[in-house]
Amino acid sequence: MPTSAALRTIAEPLEHTEHPVEVIPGDARRGLLILCDHASNAVPDDLDRLGVAEHEFGRHIAYDIGAAAVTRRLASLLGVPAVLTMFSRLVIDPNRGRADPTLVMRLSDGAIVPGNARIDAAGVAERIRRFYAPYDRAIDSAVADAQSAGKPPMILTMHSFTRYWRGIERPWQVGILYDRDERLSRPLIEALRADPAGLTVGDNAPYGGGLPGDTVDRHAIARNLPNALVEIRQDLLLDEVGIEEWAQRFAGLMRPMLS
């Protein structure tokens, strides 16, 4: 298990890097668990930054910019537990199934990842052991706590997306992703569309929901738990004002569902 001295965080200061997972305590009886799959851009020193140039770790290819800060603030506002990764998605992507070819990326949005180029099955298995599996176990534990409290949780996963993709501007400020279960996603979409700010809200956009083996599939769908994946545009999360605005917005949306 990597130690705090063995992890290097490059663009955004993060805490608790002595473990690949950060668990925020909260009241399991409230019936909500917040997850952040791509919270960190930290890379263990023994992986030597995967051979990737330092400036690349400030991009979306390394983590979801602003998502961790919104997750922490939202958990605090609602008094609910949260589980966040403390490693870069370039090390391994916990929002992919174990058999997914993009589990360990060799090329990401034009950036070559030399440290992943020749990784073999044993190398992937070791990253699963060090990073992916502890995240799964932490989520399993948080879900079990809520179930023991008599409140099987809704699962809300927080992500962020780039304003431009392949030169095209994306029109949405926020998107809600889901598979077949719309118990949480549909009320969120409708409430966001009714927001006085006049938001353009993606319905299964900018990405489609329902990726086999992803975090929601493994931990929510497999247990028939209500779920939604939130995508907030990254340029809206670049300062404390934006982070607070979005955390407060989702806190306001979720409180009636908790009560």
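The structure this text deals with has already been given above.
A brief report on the enclosed structure follows. Keep in mind that what you see is a predicted model, and the values were worked out from it rather than measured. (Residues numbered from 1 in each chain as written. Predicted model: local features only at pLDDT ≥ 70, side-chain atom pairs only at ≥ 80, totals over all residues. Heavy atoms only, no water.)

**A look at the pattern of salt bridges**
Note that side chains of opposite charge can pair when their charged atoms are close.
Reasoning step 1: In the structure shown here, the tally under the stated rule is 21 salt bridges.
Reasoning step 2: Aspartate 203 is the salt-bridge partner of arginine 186, the closest N and O atoms lying 3.0 Å from each other. Here arginine 186 is found in helix α4 (residues 185–193), whereas its partner aspartate 203 is found in strand β12 (residues 201–203), with 17 residues between them in sequence.
Reasoning step 3: You can call arginine 186 partly exposed: its relative accessible area is 22%. (Salt bridge = Lys/Arg side-chain N within 4 Å of Asp/Glu carboxyl O. Helix = DSSP H or I, 4+ residues; strand = E, 2+ residues; numbered from the N terminus. Buried < 20%, exposed > 50% of the residue type's maximum accessible area, 1.4 Å probe, protein only.)

**A look at the packing of aromatic side chains**
Reasoning step 1: All told, the structure shown has two aromatic pairs when counted by the stated rule.
Reasoning step 2: Judged by centre distance (5.2 Å) and plane angle (50°), the rings of phenylalanine 87 and phenylalanine 131 are tilted. In this pair, phenylalanine 87 sits in the loop between β5 (82–85) and β6 (107–108) while phenylalanine 131 sits in helix α3 (residues 121–148), placing the two residues 44 residues apart along the sequence.
Reasoning step 3: Look at phenylalanine 131 and you get buried, because its relative accessible area is 1%. (Phe/Tyr/Trp six-rings, centres within 6.5 Å; stacked < 30°, edge-to-face > 60°.)

**With respect to the packing of α4 against helix α6 (residues 240–258)**
Reasoning step 1: Remark: α4 packs on α6, axes separated minimally by 11 Å, with the N-to-C direction vectors making an angle of 130°. With respect to each other, α4 and α6 are oriented oblique. Classified by chirality, the crossing of α6 by α4 is right-handed. For the pair formed by α4 and α6, the contact residues are Pro187, Leu188, Ala191 and Leu192 on the first element and Arg249, Phe250, Leu253, Met254 and Met257 on the second.
Reasoning step 2: Considering only residue class, the contact of α4 with α6 consists of eight nonpolar, no polar and one charged. (Axes fitted to C-alpha atoms, helices over the stretch in contact; angles between N-to-C directions. Parallel < 35°, antiparallel > 145°, perpendicular 65-115°, else oblique. Left-handed = near helix turned anticlockwise from the far one by under 90°. Contact = heavy atoms within 4.5 Å. Nonpolar A, V, L, I, M, F, W, Y, C, P; charged D, E, K, R; others polar.)

**A word on the side chain of aspartate 93**
Reasoning step 1: If you trace the backbone, aspartate 93 turns up in the loop between β5 and β6.
Reasoning step 2: Beyond its immediate sequence surroundings of up to four residues, aspartate 93 is in contact with His38, Thr102, Leu103 and Tyr132.

**What about unusual backbone geometry?**
Reasoning step 1: For the bond from alanine 205 to proline 206, the omega torsion is 15°, close enough to zero to count as cis.
Reasoning step 2: Structurally, proline 206 can be placed in the loop between β12 and α5 (215–219).
Reasoning step 3: We note that leucine 50 has phi near 60°; this positive angle belongs to a residue other than glycine.
Reasoning step 4: The topology assignment puts leucine 50 in the loop between β4 (43–44) and α1 (67–78).
Reasoning step 5: The class for leucine 50 is buried, based on a relative accessible area of 1%.
Reasoning step 6: With a phi angle near 55°, asparagine 204 is a residue other than glycine that sits in the positive phi range.

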